[in-house]
Every structure is written in C-alpha cells, then in structure tokens.
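Report on the structure
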2 protein chains.
Amino acid sequence: MKKIAIFVSGRGSNMVSIIKAQKNGLFSAKIDVVISDNKDAEALKKATRMGIETKYIYPGDKKGTISKSASNLILDTVLKRDISLIALAGFMRIIKRSFIKTFKRPILNIHPSLLPSFPGLDAQRQALDYGVKITGCTVHFVDEYMDHGPIILQASVPVFNNDTLESLKQRILKMEHKIYPEAIRLVLENKYRIEGRKVVVEDT
Amino acid sequence: MKKIAIFVSGRGSNMVSIIKAQKNGLFSAKIDVVISDNKDAEALKKATRMGIETKYIYPGDKKGTISKSASNLILDTVLKRDISLIALAGFMRIIKRSFIKTFKRPILNIHPSLLPSFPGLDAQRQALDYGVKITGCTVHFVDEYMDHGPIILQASVPVFNNDTLESLKQRILKMEHKIYPEAIRLVLENKYRIEGRKVVVEDT
C-alpha cells in the first residue's frame, strides 16, 4: 500500500479533508505521518485524534524556509518510511530544491487562488484587493519555484460585493477540500501524464 | 440618449454582440460609430451591414500604439459626437494616457483571460501553455496600463485535455459575448461604484 505524508503548519483543515477522504475510501493509501514545522500546530492534535502518527521537526530560525539540517532530517524521514506522495497542506515553508530532486516522487501543494494569479501569501486578500469577480484554488505539483509547478486541478468560486476576507476564505476552502483529495487520488492512481508544464488528466 | 463608440481592428465578433444586444433592447443607447485602425477590418463591413456608421483612422506606422495626431483625431471625433462610453472590441492598440484623461468617460475593454492572469497578446495560448484548468474572460475599465483597470465582470470556462487553441478561443468567446454587453449595460445605467480598484456592481 502506498504511503502519504502530509506537511502542516497551522489548523490543518486540508489535512483533515485528506484523512477523511482516505477513511472514506476515495483512494487506497495509508496516511503514514503528519509532519509539522510548528509544534503548536492545531493540525498535530487533530491528526493524533484521527489516529495518525505525527512528527514535529524544528525548521531552523529563518521564517519561510527550512534549515539544511531540518530539510535533511525530513528527507531522511520520508525516504525511510518509503513515502509515495507528500501533500503540503498549509505548510508555510519553501521546500528546498535539493529535497525535491532527491525525493523524486510527487509533492503536491494547494494554493487559494487560480494560479498564476495571486501567488504567495494572503492570496485571498490579494484577490479581494485586486477586485477580481472570480477566484478559486489550485492543486499543483511542487517545483523549485513558489506556487508555480504543473497544475493538476483548479476550482473557481465567485467573489461577492459583500465578501469579507473570512467569507471568501471559507468559500474557497470548501472547494479546496473537494479538489485536494481528488488530486491526490489522480496522482496516486497515475491517472495523468505531464506534457511540458501541462498535466493531462486521464481518469477513465 | 447616450451614445456608444466601438473601436475595432479585426473580425468584430464582440462588436456584433454589442450591436445585437442594443437592438434587442438590453440597454438604451445608440451605437453611434465604429472606429477602426485597420481599413480592411471585417468588422467595418459588418457594422455597415448592421446600419452603423464607420470611420477608419490611420493610426500611424508603429504597431500596437496610436500616433499623437491619430489619437487627437479620434479624441476629437468622440468628443464632437458626445460619446458616453467607448467599448474596445479587439482594438489592437494601446489607448494613450492623455486620451483617457481628456475623454474622462468610461472606456471598457474585454480580455480573453481571467485577469490578472495572462495579460497581453495571445491570452488563450498563454493559458494553454501554462496548463491552467480554468480560464475565462474579463471586462474592465481601461486605465493607463495594459489589461489592468478595475474589473467589471468576469466569466470562467474550463480547459479540456483535448482543447486546441481554436476550441478554447471559441469557448471563451461565447462568454465574452455574454458579459461584454451586460457590462456595458451596467456602466451605462450607472449600476456601479468604484472603491479603490474594486468595481462594486449594484444591479437591483
């Protein structure tokens, strides 16, 4: 059985949706471990309550990145466990290029905008400030650039006049919880091929 | 009755959708003139056949821009005619900042992507090459930057595995023909206010 590792930093709402999807049989794989750079992440408690092993790894002192030694430790962990797929779920640090090159297997990320619009932090706030009428979320393969790799799935949501940051976040999150487990299924089951930077999904 | 000028360079499919919407009574305004920088534009023949006055203005030799004298001539034309709204419909030249400042009234443009993704030329090709799963079109106010002003309406369309440039263009065009006349109606009827760069549509 294939094994998944989920990387989290915060509340872990996408993590929960992935674990639930697995429990409901959407895909056949074990959620092997949840790894966090934040020992106080609410996600860690939730994972434990859902019966998933957790691991905190001190990421180093620099915000947004992982120290070389921490990166190696995480890499060591996922390689020893023979992890088939890593799902970043609100993991607030850039994965090192060397990590991606050595791990070799799929690393997925979800971003709360229709990339390439609004990469980076606070995508929903960026969308509100820009005044778009449609935004959404994107599941993509992680490459060495932030919020940049080939796109597996996207979903769109409307932006309303009376939207607050919170109401927009919630609307997008609902779609995130749908497409992230589905994208994981497609990748685990090899229902895709990559042409250039295009992910051709063939789910027949 | 308010008067509209439509600027075209090519086939004028959005022009036709605007003229038809006007004839069908979507909004109450006269399509006063169709102006082109291309004397061979198919749009000019179509406009004539639909009973609309046309005007060709030599734009100068530099691709993508309008010469100072041509810009002044167009400005003179729209001011003398007391045009209330200019709709760019596949007009392939940048409107000068001085034109926008002097004209003062709304200038609208339609772009075949969900801005801010894929501004500039060949937006549909850009979307295909990037591998997005969702794209669309955007009607926005024209400001001094290309494909940048406040967004009035957007519509999304899916991108399919087997899409060609032509099939994607057609799918987006169908939505363009829906939202452009609608955006013109909203602006003509003053059903909006601008907050920052956000267009709040209040169509009650």
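The structure presented is a predicted model; accordingly, all values stated were derived computationally and were not measured. (Residues numbered from 1 in each chain as written. Chains lettered and ligands numbered in written order. Predicted model: local features only at pLDDT ≥ 70, side-chain atom pairs only at ≥ 80, totals over all residues. Heavy atoms only, no water.)

1. With respect to the overall build of chain A
In terms of helices and strands, chain A carries six helices and nine strands. Rg of the C-alpha trace for chain A: 16 Å, near the compact-globule value of 17 Å for 204 residues, within the 12% margin. Expressed along its principal axes, the backbone C-alpha trace of chain A runs to roughly 50 × 45 × 35 Å. Here chain A holds 204 residues, and 54% of them are scored as buried. Relative to all contacts within chain A whose residues are 6 or more apart in sequence, the contacts with residues 24 or more apart total 61%. For chain A, the computed accessible surface area is about 9500 Å², with 52% contributed by carbon and sulfur atoms. (Helix = DSSP H or I, 4+ residues; strand = E, 2+ residues; numbered from the N terminus. Rg over C-alpha atoms; globule rule 2.2 N^0.38 Å. Buried < 20%, exposed > 50% of the residue type's maximum accessible area, 1.4 Å probe, protein only. Contact = heavy atoms within 4.5 Å. Areas by Shrake-Rupley, 256 points an atom, 1.4 Å probe, with all protein chains shown as cover.)

2. Side note on the pairing of strand 1 (residues 2-8) of chain B
Residue and element names in this part refer to chain B. The buried fraction of strand 1 amounts to five of the seven residues, a majority that puts the element mostly inside the structure. Two strands pair when backbone bridges link them, and strand 1 and strand 2 (residues 29-36) are joined in this way by seven bridges, in the parallel orientation. Looking across to strand 2, one finds that K3 is bridged to K30. Inspection of the sheet shows strand 1 paired to strand 4 (residues 85-89) by five bridges, in the parallel sense. Bridge pairing links I4 to L85 in strand 4. (Pairing = 2+ DSSP bridges.)

3. Looking at unusual backbone geometry
Peptide bonds are trans in most cases, and residues, glycine excluded, mostly fall at negative phi. With an omega dihedral of 10°, the bond running from L115 of chain A to P116 of chain A counts as a cis peptide bond. In the Ramachandran plot, D82 of chain B falls in the positive-phi region, its phi being about 55° despite a non-glycine side chain. Tracing the chain through its elements places D82 of chain B in the loop between helix 3 (68-80) and strand 4. Its identity is not glycine, yet D147 of chain B carries a phi of approximately 50°, on the positive side. Along the chain, D147 of chain B turns up in the loop between strand 6 (134-141) and strand 7 (151-158).

4. Considering the relation of the copies chain A and chain B
Mapping chain A onto chain B is achieved by rotating through 180° and translating by 0.0 Å along the same axis, at an RMSD of 0.0 Å. Overall, the copies show the geometry of a two-fold rotation axis. Nearest to the rotation axis, the C-alpha of S117 of chain A is located 2.6 Å from it, this being the minimum over chain A. Taken together, the interface assignments show that 100% of the residues at the interface of chain A recur at the interface of chain B, consistent with an identical surface on both copies. (Least-squares fit on C-alpha atoms with pLDDT ≥ 70 in both.)

5. Regarding the domain arrangement of chain A
Residue and element names in this part refer to chain A. Entries for chain A in the domain assignment read domain 1 (1-105) and domain 2 (110-204). In this assembly, 19 residues from domain 1 lie in contact with 18 residues from domain 2. Summed over both partners, the interface of domain 1 with domain 2 buries about 1600 Å², with 68% contributed by carbon and sulfur atoms. Sorting the residues of domain 1 by area buried against domain 2 places N14, L26 and L85 first, and these three jointly supply 27% of that buried surface. Summed over the shared surface of domain 1 and domain 2, the result is one salt bridge. Taken together, domain 1 and domain 2 are joined by five residue pairs in polar contact (both at pLDDT 80 or more). Among the elements that line the side of domain 1 that touches domain 2, the one with the most residues is helix 1 (residues 13-23), at five residues. Residues that form the side of domain 1 that touches domain 2 fall into these classes: 13 nonpolar, three polar and three charged. (Domains from an automatic or database assignment. Buried area = accessible area lost by both parts, 1.4 Å probe. Salt bridge = Lys/Arg side-chain N within 4 Å of Asp/Glu carboxyl O. Polar contact = N/O pair within 3.5 Å; in protein donor to acceptor, adjacent residues only side chain to side chain. Nonpolar A, V, L, I, M, F, W, Y, C, P; charged D, E, K, R; others polar.)

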